[in-house]
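Each chain, written out:
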Amino acid sequence: MNLMFTLDSNYIPQLKICVRSVTRFPSKDGWDIYILTGDPGEKFKDAVFDMEKEFGARVHLITVDDMTFDDFPETARYSKVVYYRIFAAKLLPDNLDRILYLDPDTVVIKPLDGLYGMDFDNNYFIACSHTKAMLTKLNRVRLGIRTDAPYINTGVMMMNLELLRREQTVKEVREYVEKRGKFFILPDQDVITALYGDRVKLIDTFIYNLSDRLIYMNNLSPITNELIDMDWVRKNTVIIHYYGDNKPWKENYRGILDVFYNEVS
(Lines give C-alpha, C1' and ligand atoms only; values in the text may rest on other atoms or scores of the structure.)
Protein backbone atom coordinates (compact mmCIF):
# COMPACT_ATOMS: atom_id res chain seq x y z
CA MET A 1 0.00 0.00 0.00
CA ASN A 2 1.43 3.37 -1.06
CA LEU A 3 0.81 6.34 1.23
CA MET A 4 1.89 9.94 0.72
CA PHE A 5 2.31 12.83 3.13
CA THR A 6 3.42 16.41 2.44
CA LEU A 7 4.54 18.42 5.44
CA ASP A 8 7.21 20.44 7.16
CA SER A 9 8.94 19.42 10.39
CA ASN A 10 6.28 21.04 12.61
CA TYR A 11 3.89 18.18 11.86
CA ILE A 12 6.25 15.25 12.46
CA PRO A 13 4.58 14.23 15.79
CA GLN A 14 1.16 14.07 14.11
CA LEU A 15 2.63 12.23 11.12
CA LYS A 16 3.94 9.46 13.36
CA ILE A 17 0.58 9.11 15.09
CA CYS A 18 -1.21 8.92 11.73
CA VAL A 19 1.21 6.25 10.47
CA ARG A 20 0.77 4.30 13.70
CA SER A 21 -2.99 4.37 13.20
CA VAL A 22 -2.61 3.05 9.63
CA THR A 23 -0.09 0.30 10.27
CA ARG A 24 -1.98 -1.30 13.14
CA PHE A 25 -4.14 -2.89 10.42
CA PRO A 26 -2.38 -5.56 8.34
CA SER A 27 -1.53 -4.89 4.69
CA LYS A 28 -0.74 -7.79 2.37
CA ASP A 29 2.10 -5.94 0.65
CA GLY A 30 3.17 -3.83 3.62
CA TRP A 31 3.38 -0.04 3.55
CA ASP A 32 5.47 2.24 1.38
CA ILE A 33 5.31 5.72 2.85
CA TYR A 34 6.41 8.66 0.71
CA ILE A 35 7.11 11.90 2.57
CA LEU A 36 7.48 15.00 0.39
CA THR A 37 9.13 17.92 2.14
CA GLY A 38 11.29 20.92 1.42
CA ASP A 39 12.82 20.63 4.89
CA PRO A 40 14.67 17.27 5.15
CA GLY A 41 16.60 18.02 8.34
CA GLU A 42 17.65 15.76 11.18
CA LYS A 43 14.13 15.68 12.61
CA PHE A 44 12.87 14.02 9.45
CA LYS A 45 15.74 11.56 9.31
CA ASP A 46 15.05 10.57 12.92
CA ALA A 47 11.34 10.22 12.14
CA VAL A 48 12.06 7.94 9.17
CA PHE A 49 14.23 5.71 11.36
CA ASP A 50 11.56 5.59 14.07
CA MET A 51 8.73 4.73 11.68
CA GLU A 52 10.67 2.00 9.94
CA LYS A 53 11.70 0.48 13.26
CA GLU A 54 8.37 0.82 15.12
CA PHE A 55 5.87 0.27 12.31
CA GLY A 56 7.79 -1.91 9.86
CA ALA A 57 7.07 0.53 7.05
CA ARG A 58 9.32 1.35 4.13
CA VAL A 59 9.72 5.11 4.34
CA HIS A 60 10.91 7.20 1.39
CA LEU A 61 11.91 10.81 2.10
CA ILE A 62 11.70 12.98 -1.02
CA THR A 63 13.16 16.47 -0.99
CA VAL A 64 11.26 19.03 -3.07
CA ASP A 65 12.95 22.20 -4.28
CA ASP A 66 10.71 25.05 -3.16
CA MET A 67 12.15 27.20 -5.96
CA THR A 68 9.81 25.22 -8.21
CA PHE A 69 6.88 27.03 -6.59
CA ASP A 70 8.36 30.52 -6.31
CA ASP A 71 5.50 32.08 -8.25
CA PHE A 72 2.81 30.21 -6.36
CA PRO A 73 0.93 32.12 -3.61
CA GLU A 74 1.04 31.01 0.01
CA THR A 75 -0.70 32.23 3.15
CA ALA A 76 0.15 32.49 6.83
CA ARG A 77 -1.58 29.13 7.38
CA TYR A 78 -0.64 27.37 4.14
CA SER A 79 2.94 27.19 2.90
CA LYS A 80 4.10 26.03 -0.52
CA VAL A 81 4.09 22.48 0.81
CA VAL A 82 0.39 22.33 -0.12
CA TYR A 83 1.32 22.41 -3.81
CA TYR A 84 3.35 19.21 -3.56
CA ARG A 85 0.23 17.04 -3.68
CA ILE A 86 -0.97 18.77 -6.85
CA PHE A 87 2.21 17.66 -8.63
CA ALA A 88 2.58 14.33 -6.85
CA ALA A 89 2.57 12.40 -10.14
CA LYS A 90 5.70 14.30 -11.20
CA LEU A 91 7.46 14.21 -7.83
CA LEU A 92 6.93 10.53 -7.00
CA PRO A 93 8.70 7.54 -8.63
CA ASP A 94 7.38 6.67 -12.08
CA ASN A 95 6.64 3.06 -11.15
CA LEU A 96 3.78 4.03 -8.82
CA ASP A 97 0.32 3.86 -10.39
CA ARG A 98 -1.78 4.87 -7.38
CA ILE A 99 -1.25 6.34 -3.94
CA LEU A 100 -3.35 7.42 -0.97
CA TYR A 101 -2.62 10.93 0.20
CA LEU A 102 -3.40 11.72 3.85
CA ASP A 103 -3.02 14.94 5.77
CA PRO A 104 -0.90 14.27 8.87
CA ASP A 105 -3.80 15.45 11.07
CA THR A 106 -5.82 12.35 10.16
CA VAL A 107 -6.30 9.10 12.09
CA VAL A 108 -7.32 5.81 10.51
CA ILE A 109 -9.71 3.70 12.60
CA LYS A 110 -10.45 0.86 10.17
CA PRO A 111 -8.50 -0.93 7.40
CA LEU A 112 -7.93 1.10 4.26
CA ASP A 113 -8.19 -1.76 1.76
CA GLY A 114 -11.67 -0.81 0.51
CA LEU A 115 -10.65 2.77 -0.24
CA TYR A 116 -7.24 1.88 -1.63
CA GLY A 117 -8.64 -0.69 -4.05
CA MET A 118 -11.47 1.48 -5.46
CA ASP A 119 -11.82 1.83 -9.21
CA PHE A 120 -11.00 5.36 -10.38
CA ASP A 121 -13.49 5.12 -13.25
CA ASN A 122 -11.10 7.21 -15.37
CA ASN A 123 -10.94 9.97 -12.76
CA TYR A 124 -7.78 11.63 -11.45
CA PHE A 125 -8.81 11.52 -7.80
CA ILE A 126 -11.12 9.81 -5.34
CA ALA A 127 -12.02 12.25 -2.58
CA CYS A 128 -14.74 13.90 -0.49
CA SER A 129 -16.53 17.22 -0.44
CA HIS A 130 -17.51 18.95 2.80
CA THR A 131 -19.30 21.99 1.44
CA LYS A 132 -23.04 22.55 1.10
CA ALA A 133 -24.72 23.72 -2.10
CA MET A 134 -24.64 27.47 -1.39
CA LEU A 135 -20.96 27.58 -0.40
CA THR A 136 -20.11 25.38 -3.39
CA LYS A 137 -21.73 27.96 -5.69
CA LEU A 138 -19.81 30.79 -4.02
CA ASN A 139 -16.55 28.88 -4.45
CA ARG A 140 -17.29 28.37 -8.14
CA VAL A 141 -17.71 32.13 -8.57
CA ARG A 142 -14.55 32.88 -6.56
CA LEU A 143 -12.48 30.40 -8.57
CA GLY A 144 -14.02 31.13 -11.97
CA ILE A 145 -15.32 27.58 -12.40
CA ARG A 146 -17.82 27.07 -15.21
CA THR A 147 -18.70 23.45 -14.47
CA ASP A 148 -20.84 22.14 -11.61
CA ALA A 149 -17.81 20.56 -9.93
CA PRO A 150 -17.99 20.06 -6.14
CA TYR A 151 -15.49 21.78 -3.84
CA ILE A 152 -12.97 19.11 -2.84
CA ASN A 153 -11.40 18.50 0.56
CA THR A 154 -7.86 17.41 -0.29
CA GLY A 155 -6.97 15.99 3.13
CA VAL A 156 -7.82 12.44 2.01
CA MET A 157 -7.32 11.57 -1.67
CA MET A 158 -6.69 8.51 -3.75
CA MET A 159 -4.55 9.69 -6.65
CA ASN A 160 -4.49 8.10 -10.10
CA LEU A 161 -0.80 8.71 -10.72
CA GLU A 162 -0.68 6.84 -13.99
CA LEU A 163 -3.43 8.98 -15.54
CA LEU A 164 -2.15 12.23 -14.04
CA ARG A 165 1.30 11.57 -15.52
CA ARG A 166 -0.22 11.22 -18.96
CA GLU A 167 -2.63 14.15 -18.89
CA GLN A 168 -1.66 16.75 -16.27
CA THR A 169 0.60 19.63 -17.28
CA VAL A 170 2.53 22.11 -15.17
CA LYS A 171 1.55 24.81 -17.65
CA GLU A 172 -2.18 24.51 -16.99
CA VAL A 173 -1.65 24.76 -13.24
CA ARG A 174 0.75 27.68 -13.48
CA GLU A 175 -1.53 29.60 -15.85
CA TYR A 176 -4.51 29.10 -13.57
CA VAL A 177 -2.55 30.16 -10.47
CA GLU A 178 -1.36 33.31 -12.25
CA LYS A 179 -4.95 34.10 -13.25
CA ARG A 180 -6.83 33.33 -10.03
CA GLY A 181 -4.19 33.00 -7.29
CA LYS A 182 -5.15 36.27 -5.62
CA PHE A 183 -8.54 34.74 -4.83
CA PHE A 184 -7.18 31.59 -3.17
CA ILE A 185 -8.17 30.72 0.39
CA LEU A 186 -7.05 27.08 0.54
CA PRO A 187 -4.56 26.96 -2.36
CA ASP A 188 -4.33 23.22 -3.04
CA GLN A 189 -8.07 22.67 -2.67
CA ASP A 190 -8.81 25.67 -4.85
CA VAL A 191 -6.53 24.45 -7.66
CA ILE A 192 -7.67 20.82 -7.58
CA THR A 193 -11.33 21.84 -7.47
CA ALA A 194 -11.00 24.38 -10.28
CA LEU A 195 -8.90 22.31 -12.67
CA TYR A 196 -9.88 18.75 -11.82
CA GLY A 197 -13.15 18.93 -9.89
CA ASP A 198 -15.02 17.26 -12.73
CA ARG A 199 -12.50 14.39 -12.67
CA VAL A 200 -13.00 13.48 -9.00
CA LYS A 201 -14.92 10.41 -7.90
CA LEU A 202 -16.81 11.46 -4.78
CA ILE A 203 -17.03 9.18 -1.75
CA ASP A 204 -18.91 9.47 1.53
CA THR A 205 -17.26 12.11 3.71
CA PHE A 206 -18.80 10.68 6.89
CA ILE A 207 -16.92 7.44 6.23
CA TYR A 208 -13.64 8.64 4.74
CA ASN A 209 -13.12 12.23 5.94
CA LEU A 210 -15.09 12.78 9.13
CA SER A 211 -14.63 15.77 11.42
CA ASP A 212 -16.28 17.09 14.56
CA ARG A 213 -17.65 20.01 12.53
CA LEU A 214 -19.37 17.62 10.12
CA ILE A 215 -20.93 15.75 13.02
CA TYR A 216 -22.15 18.99 14.58
CA MET A 217 -23.66 20.28 11.33
CA ASN A 218 -25.28 16.94 10.57
CA ASN A 219 -26.84 16.60 14.02
CA LEU A 220 -28.41 20.07 13.84
CA SER A 221 -31.08 18.44 11.69
CA PRO A 222 -31.73 15.07 13.38
CA ILE A 223 -35.17 14.83 11.79
CA THR A 224 -33.79 14.75 8.24
CA ASN A 225 -30.33 13.32 8.98
CA GLU A 226 -29.24 10.15 10.73
CA LEU A 227 -27.85 11.05 14.15
CA ILE A 228 -24.09 10.52 14.29
CA ASP A 229 -22.68 9.56 17.67
CA MET A 230 -19.67 7.58 18.87
CA ASP A 231 -21.37 4.25 18.21
CA TRP A 232 -22.09 5.29 14.62
CA VAL A 233 -18.51 6.44 14.11
CA ARG A 234 -17.00 3.23 15.48
CA LYS A 235 -19.29 1.16 13.28
CA ASN A 236 -18.99 3.10 10.01
CA THR A 237 -16.10 5.55 9.76
CA VAL A 238 -12.68 4.70 8.32
CA ILE A 239 -10.79 8.02 8.53
CA ILE A 240 -11.05 10.87 11.04
CA HIS A 241 -9.76 14.28 9.92
CA TYR A 242 -8.95 16.99 12.47
CA TYR A 243 -8.84 19.82 9.94
CA GLY A 244 -8.96 23.51 10.73
CA ASP A 245 -7.98 24.86 14.12
CA ASN A 246 -9.83 22.25 16.18
CA LYS A 247 -6.95 19.86 16.96
CA PRO A 248 -7.09 17.18 19.68
CA TRP A 249 -3.54 17.97 20.81
CA LYS A 250 -4.59 21.55 21.65
CA GLU A 251 -6.13 22.61 24.95
CA ASN A 252 -9.14 24.32 23.37
CA TYR A 253 -10.26 21.22 21.45
CA ARG A 254 -14.03 20.75 21.28
CA GLY A 255 -15.72 17.60 20.07
CA ILE A 256 -15.99 13.84 20.54
CA LEU A 257 -13.44 12.52 18.05
CA ASP A 258 -10.32 13.17 20.13
CA VAL A 259 -10.74 9.71 21.66
CA PHE A 260 -9.47 8.16 18.41
CA TYR A 261 -6.38 10.35 18.39
CA ASN A 262 -5.70 9.56 22.03
CA GLU A 263 -6.00 5.82 21.40
CA VAL A 264 -2.93 5.88 19.17
CA SER A 265 -0.93 8.79 20.60
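Student: Can you tell me about the sheet that holds strand β2 (residues 32-37), naming the residues and giving the values?
Tutor: Ordered by their spatial adjacency, seven strands build an open sheet running β3-β2-β1-β4-β7-β6-β8, and the pairing between neighbours is mixed. Strands with a single pairing partner mark the edges of an open sheet, and in this sheet they are β3 (58-63) and β8 (200-202). Neighbour-to-neighbour, the strand axes of the sheet open up by a mean angle of 25 degrees, direction not taken into account. Bridge analysis of strand β1 (residues 2-6) against β2 gives five bridges, and the strand direction is parallel. Bridge pairing links Met 4 to Tyr 34 in β2. Sheet strands in contact with helix α1 (residues 12-23) are β1, β2 and β4 (98-102), and its direction is about 165 degrees off that of β1. Taken strand by strand, helix α8 (residues 187-196) contacts β6 (125-128), β7 (153-160) and β8, and its axis lies near 50 degrees from that of β7.

Student: Before we move on, can you summarise the pattern of salt bridges with the specific residues and values?
Tutor: Using the criterion set out here, one finds 14 salt bridges in the structure. Ionic pairing is found between Arg 165 and Asp 94, a salt bridge with its closest N-O pair at 3.8 Å. Placement of Arg 165 in helix α6 (residues 161-167) and of Asp 94 in the loop between α3 (88-91) and β4 is noted, with a sequence separation of 71 residues between them. We classify Asp 94 as exposed; its relative accessible area is 63%. Between Lys 171 and Glu 175 there is a salt bridge, and its shortest N-O distance comes to 3.9 Å. Taken together, the residues Lys 171 and Glu 175, both in helix α7 (residues 170-180) and four residues apart, mark about one turn of the helix. On the accessibility criterion, Lys 171 (59% relative accessible area) is exposed. Glu 175 sits in the partly exposed class, given a relative accessible area of 44%. Sharing partners across several salt bridges, the network here consists of Arg 85, Asp 103 and Asp 188.

Conventions we followed
Residues numbered from 1 in each chain as written. Predicted model: local features only at pLDDT ≥ 70, side-chain atom pairs only at ≥ 80, totals over all residues. Heavy atoms only, no water. Pairing = 2+ DSSP bridges. Helix = DSSP H or I, 4+ residues; strand = E, 2+ residues; numbered from the N terminus. Axes fitted to C-alpha atoms, helices over the stretch in contact; angles between N-to-C directions. Contact = heavy atoms within 4.5 Å. Salt bridge = Lys/Arg side-chain N within 4 Å of Asp/Glu carboxyl O. Buried < 20%, exposed > 50% of the residue type's maximum accessible area, 1.4 Å probe, protein only.

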